[in-house]
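An overview of the molecular structure
Single-letter residue listing:
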Amino acid sequence: MGHDLKLIAGQFRTDGDPVDIVPVTVGHINDTYIVTTTAGICSPAAPGWGTRGTTPEGGGATRYLLQRINQIVFRQPPRVMANIVRITEHIRAKMAKTDPELGSRQLTVIATHDGGGYYTDADGNFWRMYNFIKHAVTYDTPRSAELAREAARMFGWFQRMLIDLPGPPLYDTIPGFHDTPRRFDYFQEILKTDVRNRAAKARTEIDFLFRNAAICGVLPGLAERGEIPIRSTHNDTKINNVMLDERTDKGVCVIDLDTVMPNLSVHDFGDLVRTATCPAAEDECDLSKIAVDISLFDALAQGFAEETGVFLTPTEKNHLVFGGILITFEQFIRFLTDYLAGDVYYKVHREDHNLDRSRTQMKLVQSMLKQEETMNGLVERAYADAPESTT
Ligand SMILES: Nc1ncnc2c1ncn2[C@@H]1O[C@H](COP(=O)(O)OP(=O)(O)O)[C@@H](O)[C@H]1O
Ligand SMILES: [Mg+2]
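Note that this is a predicted model, so its numbers are computed, not measured.

This part is about the site of ligand 1. As a matter of local geometry, ligand 1 sits amid 18 residues, with Gln-67, Asn-131, Ile-133, Thr-138 and Asp-256 nearest to it. Ile-133 is positioned such that a nitrogen or oxygen atom in its backbone is 2.8 Å from a nitrogen atom of ligand 1. Measuring from an oxygen atom of ligand 1, one finds a side-chain N or O atom of Asn-241 at 3.1 Å. Here ligand 1 loses 92% of its free accessible area of 550 Å² to cover by the protein chains. Looking at side-chain class alone, the shell around ligand 1 contains 9 nonpolar, 8 polar and 1 charged residues.

This is the structure:
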């Protein structure tokens, strides 16, 4: 609060001067604002990245998206931005050749006046600006199987776009993000001290965790032995991080790129399965509402396969369902750990809130384990039907 938003927005190479800045309330990580400028007097586009794709929209106004990077989650914003500039440039350069129209609707980092990718204010906050993606919408929940399919297709498309990203691997913007064995070790440490005497109330959940702890080591084992490749992946594959055309509901672009880093493809699919196959809330108390909707899962598998069929290895395809189990199990561990630790990471709004959250995740894992065979069959069919090549 209390940021001089006009001064901050004025640091970037916008067409026209910022005249109106309003906060966006969707999204929980970064502070987001829509900036409108008077684009009557267009400044000449500077060479290189940072100003393309920002043509005036008519009516003399142009919009941009201004974001303050959350430094509690992202400790090294310059690295985040270095990744994002590389990613967005690469995607737009590829799209310019294959689909210029859609290419012009991709995220573009707007440069600061001195050509940087971000602005640091006097208080040490990091700010970035993007072009505003026009005529596109995001949805928080999969309102239909078609929407789930399209979101999954876009995350698969995103991985495909980054397959030939030149240069060194991207920075790890959150080190150890899916280091599940480490999260299991941390859980055991917290359980030992049980500072709030809560373990007794979570006996069933703790037992379930220990009984299924072998889940944690499977993917790190495959990665260490080189049996599954590390790729540039999104790592926050909620469906509201895909923008869809407001008229056609077809995917336009993938946003929220802070967590794009080297990781496993199956993690991205897994987080989609965790977040998009059960419409109930993450803290739902009525556990009878928690289950994988198999038709939504089928849609996710089909959408993801459509784009990734051409490059995923057989081992990756064989572990997609496991990815869902793993990511959900990992989230279960994180909620349960935070409950035992005394709610230090996730904000709570009622007693036992984190325990309730851990229970939904546990139920979801159980639902996946029960339907594992069916889900694997659907994945197999989706890849059998997927195109052999794509442009
Ligand atoms: N470039 C953009 N153009 C238009 N809307 C955007 C753009 N980037 C983000 N949004 C909107 O703002 C919301 C929050 O942005 P996001 O980058 O996902 O932040 P968070 O990390 O807080 O989720 C998105 O769900 C989307 O609706
Ligand atoms: Mg988001």
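The full count for this structure, using the stated rule, is 12 aromatic pairs. Here the aromatic rings of Tyr-118 and Phe-126 are separated by 5.4 Å at their centres, their planes lie at 50°, and the arrangement is tilted. Using a relative accessible area of 29% as the deciding quantity, one classes Tyr-118 as partly exposed. Geometrically, the ring pair formed by Phe-184 and Phe-187 is stacked, given 6.4 Å between the ring centres and 15° between the ring planes. On the criterion of helical spacing, the pair formed by Phe-184 and Phe-187 is a turn pair, its members being 3 residues apart in helix H5 (residues 180-193). Given the relative accessible area of 0%, Phe-187 is considered buried. Cluster of aromatic residues (ring-pair linked, three or more members): Phe-184, Phe-187 and Phe-210.

In this section: the environment of Met-261. Tracing the sequence through the fold places Met-261 in strand E10 (residues 261-263). With 90 residues separating them in the primary sequence, Met-261 and Tyr-171 have C-alpha atoms 6.1 Å apart. Other than its neighbours up to four places away in sequence, Met-261 contacts Leu-170, Tyr-171, Asp-172, Thr-173, Ile-174, Phe-177, Arg-231, Ser-232, Thr-233 and Asn-235.

With that out of the way, let us pick up the sheet that holds strand E8 (residues 242-245). Strand order in this open sheet of 3 strands is E6-E8-E9, and the pairing throughout is antiparallel. The open sheet is flanked by strand E6 (136-137) and strand E9 (251-254), the only strands paired with a single partner. When E8 meets E9, the two strands line up antiparallel, connected through 3 bridges. Pairing of Leu-244 across the sheet is with Gly-251, part of E9. Those strands touched by helix H4 (residues 145-161) are E8 and E9, and its axis lies near 50° from that of E9.

Turning our eyes to something else, we now look at the coordination of the magnesium ion (ligand 2). Donor atoms from the polypeptide that bind the magnesium ion (ligand 2) are Asn-241 (OD1) and Asp-256 (OD), placed at 2.2 to 2.3 Å. Separated by 15 residues along the polypeptide, Asn-241 in the loop between strand E7 (231-233) and E8 and Asp-256 in the loop between E9 and E10 bring together distant segments of the chain.

With 6 of its 6 residues buried, strand E5 (residues 126-131) lies for the most part within the structure. Where strand E4 (residues 119-120) lies against E5, 2 bridges are found, and the strand directions are antiparallel. Following the sheet pairing, Tyr-119 is matched in E5 by Trp-127. In sequence, E4 turns back onto E5 through a hairpin of 5 residues, with Gly-124 there showing a positive phi of about 85°.

Nonpolar side chains in soluble globular proteins tend to end up buried together. Counting 101 residues, the largest nonpolar core has Phe-158, Phe-187, Phe-297 and Phe-329 as its most contacted members. Tallying contributions element by element places helix H11 (residues 320-341) first for this core, with 13 residues. With near-sequence residues (within four places) excluded, Phe-297 lies in contact with Phe-269, Val-273, Thr-277, Val-292, Val-321, Met-375, Leu-378 and Val-379. The next biggest cluster of nonpolar side chains, apart from the first, holds 13 residues, and it includes Leu-5, Tyr-119, Trp-127 and Met-129.

Along the polypeptide, Phe-155 turns up in helix H4. On the accessibility criterion, Phe-155 (1% relative accessible area) is buried. As a C-alpha pair, Phe-155 and Val-26 span 129 residues in sequence and 20 Å in three-dimensional space. With near-sequence residues (within four places) excluded, Phe-155 lies in contact with His-234, Asp-236, Thr-237, Lys-238, Asn-241, Val-242, Val-254, Leu-272 and Phe-304.

Below, the discussion takes up helix H8 (residues 265-276). The terminal C-alpha atoms of H8 lie 17 Å apart, and with 12 residues this matches the ideal 16 Å at 1.5 Å per residue to within 8%. Most of H8 is tucked away: 11 of the 12 residues are buried. Every buried residue belonging to H8 is among Ser-265, Val-266, His-267, Asp-268, Phe-269, Gly-270, Asp-271, Leu-272, Val-273, Arg-274 and Ala-276, and all of these are buried.

This paragraph deals with the pattern of salt bridges. A complete count under the given rule lists 27 salt bridges for this structure. Glu-150 is the partner of Arg-153 in a salt bridge, and the nearest nitrogen-oxygen pair spans 2.7 Å. Taken together, the positions of Arg-153 and Glu-150, both in helix H4 and 3 residues apart, correspond to about one turn of that helix. Here the two residues Arg-153 and Glu-150 agree in accessibility, since each one is buried. Linked by salt bridges that have partners in common, Glu-150, Arg-153, Arg-160, Lys-250 and Glu-307 make up one network.

Along the polypeptide, Arg-334 turns up in helix H11. The buried charged residue Arg-334 lacks any salt bridge, with Glu-330 as its nearest oppositely charged partner at 5.0 Å.

Attention now goes to the confidence of the model for the protein. Mean pLDDT over the protein works out to 92, with 93% of the residues at or above the 70 mark. Low pLDDT, under 50, characterises residues 40-58; the predicted model gives this stretch 40 contacts beyond four residues in sequence or across chains.

Cut-offs used in this document
- Residues numbered from 1 in each chain as written.
- Chains lettered and ligands numbered in written order.
- Predicted model: local features only at pLDDT ≥ 70, side-chain atom pairs only at ≥ 80, totals over all residues.
- Heavy atoms only, no water.
- Near = heavy atom within 4 Å.
- Polar contact = N/O pair within 3.5 Å; in protein donor to acceptor, adjacent residues only side chain to side chain.
- Areas by Shrake-Rupley, 256 points an atom, 1.4 Å probe, with all protein chains shown as cover.
- Nonpolar A, V, L, I, M, F, W, Y, C, P; charged D, E, K, R; others polar.
- Phe/Tyr/Trp six-rings, centres within 6.5 Å; stacked < 30°, edge-to-face > 60°.
- Buried < 20%, exposed > 50% of the residue type's maximum accessible area, 1.4 Å probe, protein only.
- Helix = DSSP H or I, 4+ residues; strand = E, 2+ residues; numbered from the N terminus.
- Contact = heavy atoms within 4.5 Å.
- Pairing = 2+ DSSP bridges.
- Axes fitted to C-alpha atoms, helices over the stretch in contact; angles between N-to-C directions.
- Donors = N, O, S within 2.8 Å, 3.2 Å for Na, K, Ca; no water.
- Core = buried A, V, L, I, M, F, W, Y, C linked by side-chain atoms within 4.5 Å.
- Expected span 1.5 Å × (residues − 1).
- Salt bridge = Lys/Arg side-chain N within 4 Å of Asp/Glu carboxyl O.
- Lys, Arg positive; Asp, Glu negative; His and termini not counted.
- pLDDT = per-residue confidence, 0-100.

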